[in-house]
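# A structural walkthrough
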Number of protein chains: 2
Amino acid sequence: MLNHQFRLAQRPVGFPTHDTFQHTTEEVREIQDGEILVKIQYISLDPAMRGWMNDAKSYIAPVAIGDVMRADTVGEVIASKNPKFAVGDFVNYSFGVQEYGICDGKGVRKLDTSLAPLPVYLGVLGMAGMTGYFGLLETGALKDGETVVVSGAAGAVGLTVGQIAKIKGCKVIGIAGGAEKCKMVVEEFGFDACIDYKSENIKKALRTHAPDGIDVYFDNVGGTILDDVLTHIRKKARIVICGAISQYNNTTAVQGPSNYLSLLVNNARMEGFVIFDFLKQYAQGLEQMGQWVKEGKIKPQMHIAEGFDSFPETLLMLFEGKNTGKLVLKVA
Amino acid sequence: MLNHQFRLAQRPVGFPTHDTFQHTTEEVREIQDGEILVKIQYISLDPAMRGWMNDAKSYIAPVAIGDVMRADTVGEVIASKNPKFAVGDFVNYSFGVQEYGICDGKGVRKLDTSLAPLPVYLGVLGMAGMTGYFGLLETGALKDGETVVVSGAAGAVGLTVGQIAKIKGCKVIGIAGGAEKCKMVVEEFGFDACIDYKSENIKKALRTHAPDGIDVYFDNVGGTILDDVLTHIRKKARIVICGAISQYNNTTAVQGPSNYLSLLVNNARMEGFVIFDFLKQYAQGLEQMGQWVKEGKIKPQMHIAEGFDSFPETLLMLFEGKNTGKLVLKVA
């Protein structure tokens, strides 16, 4: 049985290209005592993957050259020598960009596909959902009824953040690229407004939609949008730095927020957020999100791309703003 | 009796100059029922004054053109029609840059000159001291034994921060300009080390003095030093944005911290701080600082410049790094 893989061939400068990865194949080996073999069905594509390709000290080691590219996955157990897992179990594990994965079961999460379809466990019931949940409620310290702005609003994390904030009785303003995404965010996901950064003046639109200022800004994009929001925060505002997708493929220095002294005059804070620091609370977050999904209060929005071989191009969709909701690659 | 004043004549672009201010004189008027007349003895000179000259929305209204320049002061009551104040009382009030002040007594603090000399109430027992105290302990959420870095280390706030952190059993590394200041900070104020930003590579020096990284950075300067420190913070570090003196006289945009994504990967935060938001806790802070001064644990360091007329040049000393400790102007 052949396993197809994408390995990191070289560290990209700027956007990843076809040459960034090497497509390899190898025979799936026999599993040993305690191990499971998983047929991977969906691979999670996340902006964070761009950071993992850099040779830099970060919250997680970089992917080594020649290694299978790191990625979260869901799939089905097709062989097991581990008493905790049976053939037919659906599981979640970071197996990377490949078709089959073998591991010893540690850190593998069993999934209940009667609650939600399999790929949703890479979305609102997976890392993206937990990122929105803990980022907004813990790091953002959201209080009921506040005014929340979220960038990357039509992305996996952005949609999660907006929907949770609506559950909490907040006024929610999204920022997204293009009229179509903005329409979807408001009409299908209940945001109060969505600013199209491609056609609107963001500062002006923020003054219109949040006349009293912003309490929480959940930032997925960085760059000029972060600077624009900084001009319009309230006293004791919280800015959650979850990502900076506008800066990940820079070949020059990251654009720092020139307006950061707005934090000073407003006794406000900007706090970074990595989901891996919330693993202890994960179970509680997943239970709450599962409940909200069951009640229809959180709608999972999946963007399913097909074809394992298209991985390099499909990954770029994230940086080109071509996805809406959680982008996953379906393995044929 | 003639009162000499410095009024804001025009809003400076870049550094304030002689033309920024207008020297005026006027007769001191009679006080009315409820009022006091104060002979101002010391005027506080603070980096924040530069911000008050800008016509920008901030934590406090800008000084209006033609108004006496805002400044904190200490002096002696020389006439009183307010039963709460007697002639001979020493008081602290924001009378501005002038020789005499009249007010109705609201917000006026009576001073105990047996505890500390009068100008110290503009230093460690005044706004500078409270800024260091609440900024470090509340906003910085300092824990005993942590590693603390403070820029502007030889300034009024920097010296306060470093001494409080030493009381709390912390390792304290200052950053200051010039060998003399660095020597003073270590030898006279007990800092563990002080980096001379004018001659040392800051990143390298931070790695030497704080090999395990930085827990709290108290920033008075902004600019490249903030960026350098960001490369060396620990998980859950707190950066207190108290000031950005390197940027106050910019004629171009403020330099934003390019390395702000270090907050993300370290689940760290950057929080702004303005002392005016801590007025309710002021009395408690002053009591504790007074106690430490009495016990000799906090040494007030005053930089007393003489001559009311020299106000415009003396103010510039702050931005030229020419003062050590709290800069005040003694009114003849």
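Residues numbered from 1 in each chain as written. Chains lettered and ligands numbered in written order. Predicted model: local features only at pLDDT ≥ 70, side-chain atom pairs only at ≥ 80, totals over all residues.

## Details of the overall build of chain A
- A count of helices and strands for chain A gives nine helices and 15 strands.
- Referenced to the eigenvectors of the C-alpha coordinate spread, the extents of chain A come out at roughly 60 × 45 × 35 Å.
- For chain A, buried positions account for 49% of its 332 residues.
- If you take every contact in chain A between residues at least 6 apart in sequence, the share linking residues at least 24 apart comes to 66%. (Helix = DSSP H or I, 4+ residues; strand = E, 2+ residues; numbered from the N terminus. Buried ≥ 20, exposed ≤ 12 C-beta atoms within 10 Å, placed from the backbone. Contact = placed C-beta atoms within 7 Å.)

## A closer look at the sheet that holds strand 10 (residues 193-196) of chain A
- With respect to topology, twelve strands assemble into an open sheet ordered 10(A)-9(A)-8(A)-11(A)-12(A)-13(A)-13(B)-12(B)-11(B)-8(B)-9(B)-10(B), the strand pairing being mixed. Strands with a single pairing partner mark the edges of an open sheet, and in this sheet they are strand 10 of chain A together with strand 10 (193-196) of chain B. Taken over all neighbouring pairs, the strand axes of this sheet differ in orientation by 15° on average, direction set aside.
- Strand contacts of helix 2 (residues 127-139) of chain A: strand 11 (214-219), strand 12 (233-241) and strand 13 (269-272) of chain A, with the helix running at about 150° to strand 12 of chain A, the strand carrying the most contacts.
- Against the sheet, helix 4 (residues 179-187) of chain A engages strand 9 (171-176) and strand 10 of chain A, with an angle of about 170° to strand 10 of chain A. (Pairing = 2+ DSSP bridges. Axes fitted to C-alpha atoms, helices over the stretch in contact; angles between N-to-C directions.)

## A look at the pairing of strand 15 (residues 326-330) of chain B
All names here are of chain B.
- Most of strand 15 sits inside the fold, with four of its five residues counted as buried.
- Bridging between strand 3 (residues 36-44) and strand 15 involves three bridges; their strand directions are antiparallel. When the bridges of strand 15 are listed, I43 appears paired with L329.
- Note: strand 14 (residues 302-306) against strand 15, five bridges, orientation parallel. Its bridge partner lying in strand 15, I304 is registered against V328.

## Some thoughts on unusual backbone geometry
- Its identity as a non-glycine residue notwithstanding, A141 of chain A has a phi of 45°, on the positive side.
- Note on A141 of chain A: 15 C-beta atoms within 10 Å, which makes it partly exposed.
- For K236 of chain B, which is not glycine, the phi dihedral falls at a positive 60°.
- The topology assignment puts K236 of chain B in strand 12 (residues 233-241).

## Here we look at the relation of the copies chain B and chain A
- Expressed as a screw operation, the relation of chain B to chain A combines 0.0 Å of axial shift with a rotation of 180°, fitting to an RMSD of 0.0 Å. The two molecules are tied by a two-fold rotation axis, judged by turn and shift. Considering only C-alpha atoms, the residue of chain B closest to the rotation axis is G256 of chain B, which sits at 2.2 Å.
- When the interface residues of chain B are mapped onto chain A, 100% of them again fall at the interface, so both copies present the same face. (Least-squares fit on C-alpha atoms with pLDDT ≥ 70 in both.)

## Some points on the domain arrangement of chain A
Residues and elements named next belong to chain A.
- The domains assigned to chain A are domain 1 (2-115 + 301-330) and domain 2 (127-276).
- Placing the centre of domain 1 and that of domain 2 at their C-alpha centroids yields a distance of 28 Å.
- Listed per partner, the contact involves 17 residues of domain 1 and 16 residues of domain 2.
- The class makeup of the residues in the side of domain 1 that touches domain 2 is six nonpolar, eight polar and three charged. (Domains from an automatic or database assignment. Nonpolar A, V, L, I, M, F, W, Y, C, P; charged D, E, K, R; others polar.)

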